[in-house]
Amino acid sequence: MTELLCKGTANDREDILDFANYVFSFDHEPHNFIEMVPRLYGPESASEAFHYLIRENGKIKAMVCSYPMETKVGEETLKLAFIGTVSVHPYSRGKGYMKRLMNAAIADMQKDGTDLAALGGQRQRYQYFGFENGGIEYGFSFNRSNLRHAFKDVASPIKVVPLDEMGKEQWDCAYSLFQRQHIHGIRNREEFPAILHNWNGIPYALLADGEMKGYFSVGGKTFFEFVLGNEAELLPAVKSAMESLHMDRAVLKAADYEEKRLSLLSSVCENSSIVCSSNYRIFHYDRVISAYLKVKQSYSTLQEGSIILNIDGKQTAVEVRDGKITVGPVSPHLSAPVISLGNLEAVEFLTAPFSPRRREEARRFPFLQSWFPIPLYTASLDEC
């Protein structure tokens, strides 16, 4: 038996799709990745080179996709990678194929200067590869009773129209609104429609008086993305969306930095939750901490202080002084407490809604409560 680890090529498109559909359908329920993730597998996509493959006698037996993109975090741009379509043929399991592929993908991320990587999946499985639960995601649930009572005085003059029935002007407007967000993955205009259809999402435009007020993408009962030009119109938009689509229940997600949205939704929802947004591995702690702390400073007061983070033997100094955030190598003149963390513990300490270690350290250094968690969040439509 010949065995080969390689990257995919354009000639592998059909085999990659067939393999992914087979393995996920075998393990779960019928899958059609062309429809599920059109950004990666749609007719116009060209994602084969992002797939790591192991072949036995020429046939794919294991596969991992590592999709690179950039994300805008305030004024900073970070390099991000999403891991997905992790699949091993049911008759080839136990051979260590997933481990080899994940390690190959991670090695390339490190070479390419990737700042952080994200994936969904079973927590302990991916801890072996340096990924840990992190980020902050708020979830707000709504039902018909909420609409009848909490929304009773909310006028809903907004019209909901499928974006697929609209022209280039409306799609351009939706794309422009997306780009105005304080934090967002950098998407090409050409791939924007496909992304709004990821995970079987259906995109809709929100119109009033002939003007486009925003858009959303919804799959089942979940709003994957809900973007408005004016956040004050959020409640009328949610009400119009649920009524127009005859939704008896709905869930809308939000990030920590969306203060206006959090306030509006919490006042009318049935229930709310705060969970980790994904599993993350951070490669460049200095860049990630700096970018997200600056965003947090835009909506929250950061107390002055300084610490040295010793993460797996590599030290990074973090200081807030006179309103200025400094993150980087440790200066010989800096006198600050040292907090030593392993990689997994660091992701939780810096980004997760709850961290036992962060709570413990905040008793000694109260300023940590104002710094962390940083508002790390990745949109589900960007995930693969």
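The structure contained in this document is the topic of the report that follows. Computed from a predicted model, the values in this text were never measured in an experiment.

## Re the nonpolar core
Buried together is how nonpolar side chains tend to be arranged in soluble globular proteins.
Argument step 1. By size, the foremost hydrophobic cluster in this structure holds 60 residues, and its most contacted members are Ile289, Ile307, Leu309, Leu368, Trp371 and Phe372.
Argument step 2. At 7 residues, the largest contribution of residues to this core is made by helix α11 (residues 285–297).
Argument step 3. What Leu368 contacts, discounting residues up to four positions off in sequence, is Ile307, Ile339, Phe349, Glu361 and Ala362.
Argument step 4. Phe140, Phe142, Tyr204 and Val238 belong to the second largest nonpolar core, which has 32 residues in total.

## Overview of the packing of aromatic side chains
Argument step 1. Counting across every chain of the model gives 17 aromatic pairs.
Argument step 2. Taken together, a centroid distance of 5.2 Å and an interplanar angle of 70° make the contact between Phe24 and Phe33 edge-to-face. A single burial state applies to Phe24 and to Phe33, both of which are buried.
Argument step 3. Centroid distance Phe349 to Phe372: 5.9 Å. Interplanar angle 55°. Geometry classified as tilted. Linking Phe349 in helix α12 (residues 343–351) with Phe372 in the segment after α14 (368–371), this pair joins segments that are 23 residues apart in sequence.

## Digging into helix α9 (residues 234–244)
Argument step 1. Of all 11 residues in α9, 9 are buried, a share of seventy percent or more.
Argument step 2. Listing the buried residues of α9 in full gives Leu234, Leu235, Pro236, Ala237, Val238, Lys239, Ser240, Ala241 and Met242.
Argument step 3. A positive phi of about 55° marks His246, the residue just after α9.

## Considerations on the pattern of salt bridges
Argument step 1. The tally for this structure, following the rule as stated, stands at 23 salt bridges.
Argument step 2. For the salt bridge of Arg55 with Asp12, the shortest nitrogen-to-oxygen distance reads 2.4 Å. In this pair, Arg55 is assigned in strand β2 (residues 51–56) and Asp12 in the loop between β1 (3–7) and α1 (13–27), connecting sequence segments 43 residues apart.
Argument step 3. Across the salt bridge formed by Glu76 and Lys294, the nearest N and O atoms sit 3.6 Å from each other. Of the two residues, Glu76 sits in strand β4 (residues 76–88) while Lys294 sits in helix α11, which places them 218 residues apart along the sequence.

## Details of the sheet that holds strand β19 (residues 338–341)
Argument step 1. Taken together, 4 strands build an open sheet; the order of strands is β18-β17-β16-β19 and the sheet is mixed. Strands at the two margins of the open sheet, each flanked by one partner only, are β18 (324–328) and β19. On average, adjacent strands in this sheet sit at an angle of 15° to one another, irrespective of strand direction.
Argument step 2. For strand β16 (residues 305–311) and strand β17 (residues 314–321), the ladder comprises 7 bridges, and the chain directions are antiparallel. Looking across to β17, one finds that Asn310 is bridged to Gln315.
Argument step 3. α12 rests against β16 and β19 of the sheet, and its axis sits at about 120° to β19.

About the criteria used
- Residues numbered from 1 in each chain as written.
- Predicted model: local features only at pLDDT ≥ 70, side-chain atom pairs only at ≥ 80, totals over all residues.
- Heavy atoms only, no water.
- Core = buried A, V, L, I, M, F, W, Y, C linked by side-chain atoms within 4.5 Å.
- Buried < 20%, exposed > 50% of the residue type's maximum accessible area, 1.4 Å probe, protein only.
- Helix = DSSP H or I, 4+ residues; strand = E, 2+ residues; numbered from the N terminus.
- Contact = heavy atoms within 4.5 Å.
- Phe/Tyr/Trp six-rings, centres within 6.5 Å; stacked < 30°, edge-to-face > 60°.
- Salt bridge = Lys/Arg side-chain N within 4 Å of Asp/Glu carboxyl O.
- Pairing = 2+ DSSP bridges.
- Axes fitted to C-alpha atoms, helices over the stretch in contact; angles between N-to-C directions.

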